[in-house]
Every structure is written in structure tokens, then in C-alpha cells.
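Listed below are the residues making up each chain.
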Amino acid sequence: MSYLIEPIPGPLGARVRGIDLADEISGETMQALLRAWYERQVLIFEDQNLSNEQHIDFSRRFGPLEV
């Protein structure tokens, strides 16, 4: 899978391109996303088409969710 994690100007945020969150994400790619999240604190995934359940499942990979 080819993807790009592009920091946006300023201290927070990165835009992630080339990843469809509805597809299987490898452990290696998830580790890269976690590193980017730790460094930039906000990740932007544009143009995603996820069900509520897919969104929740992906979000849980970052840690426990709060309701």
C-alpha cells in the first residue's frame, strides 16, 4: 500500500493520503499512523466512506474510546 503522511503547517496535524480506512490496514502501516498521531496529535483522513462500525473499529486502534 502506498500512502503519504504530510504534516500541515503549525505544531499540530498531518494529512494522510492514499489509505482507504474501509480496507485492511497492515500492522506496519498502523504503526506509522500511530507514530504520526503521537508526533502531530491530529490526523486528517479525507474522502473516507465508512460505516459507523468501521469508524469505531478503526478508532479503537488508537486506544479506548470515550462515550
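The structure reproduced in this document is the subject of the present report. Quantities reported herein were computed from a predicted structural model and do not represent experimental measurements.

What follows concerns the overall build of the protein. If you tally the helices and strands in the protein, you get 2 helices and 3 strands. Sequence-ordered secondary structure for the protein, helices as α and strands as β, is β-β-α-β-α. Relative to its length of 67 residues, the protein is compact, with a C-alpha radius of gyration of 12 Å against a globular reference of 11 Å. Across its three principal axes, the protein shows a C-alpha extent of roughly 30 × 30 × 20 Å. For the protein, buried positions account for 24% of its 67 residues. Pairs at least 24 apart in sequence give 58% of the contacts found in the protein among residues at least 6 apart. Distance between charge centroids for the protein: 6 Å, based on 6 positive and 11 negative side chains.

Turning our eyes to something else, we now look at the nonpolar core. Counting 12 residues, the largest nonpolar core is built from Ala 14, Val 16, Ile 19, Leu 21, Ile 25, Met 30, Leu 33, Leu 34, Ala 36, Leu 43, Phe 45 and Phe 58. Examining the composition of this core, we find that 4 residues originate from one element, helix 1 (residues 27–40), more than from any other. Among residues more than four places away in sequence, those in contact with Leu 43 are Ala 14, Val 16, Leu 33, Ala 36, Trp 37 and Phe 62.

With that settled, the discussion passes to the pairing of strand 1 (residues 4–7). By the bridge criterion, 4 bridges tie strand 1 to strand 2 (residues 14–17) in an arrangement that is antiparallel. The residue bridging Leu 4 from the neighbouring strand is Arg 17, located in strand 2. Here strand 1 folds back onto strand 2 in antiparallel fashion, the turn holding 6 residues, of which Gly 10 has a positive phi close to 105°.

If you trace the 3 strands from one edge of the open sheet to the other, you get 1-2-3, paired in mixed fashion. Each edge of the sheet is formed by a strand with only one pairing partner; in this case those strands are strand 1 and strand 3 (43–45). Strand-to-strand twist of the sheet, defined as the mean angle between neighbouring strand axes without regard to direction, takes the value 25°.

Definitions and limits used
- Residues numbered from 1 in each chain as written.
- Predicted model: local features only at pLDDT ≥ 70, side-chain atom pairs only at ≥ 80, totals over all residues.
- Heavy atoms only, no water.
- Helix = DSSP H or I, 4+ residues; strand = E, 2+ residues; numbered from the N terminus.
- Rg over C-alpha atoms; globule rule 2.2 N^0.38 Å.
- Buried < 20%, exposed > 50% of the residue type's maximum accessible area, 1.4 Å probe, protein only.
- Contact = heavy atoms within 4.5 Å.
- Lys, Arg positive; Asp, Glu negative; His and termini not counted.
- Charge placed at Lys NZ, Arg CZ, Asp CG, Glu CD.
- Core = buried A, V, L, I, M, F, W, Y, C linked by side-chain atoms within 4.5 Å.
- Pairing = 2+ DSSP bridges.
- Axes fitted to C-alpha atoms, helices over the stretch in contact; angles between N-to-C directions.

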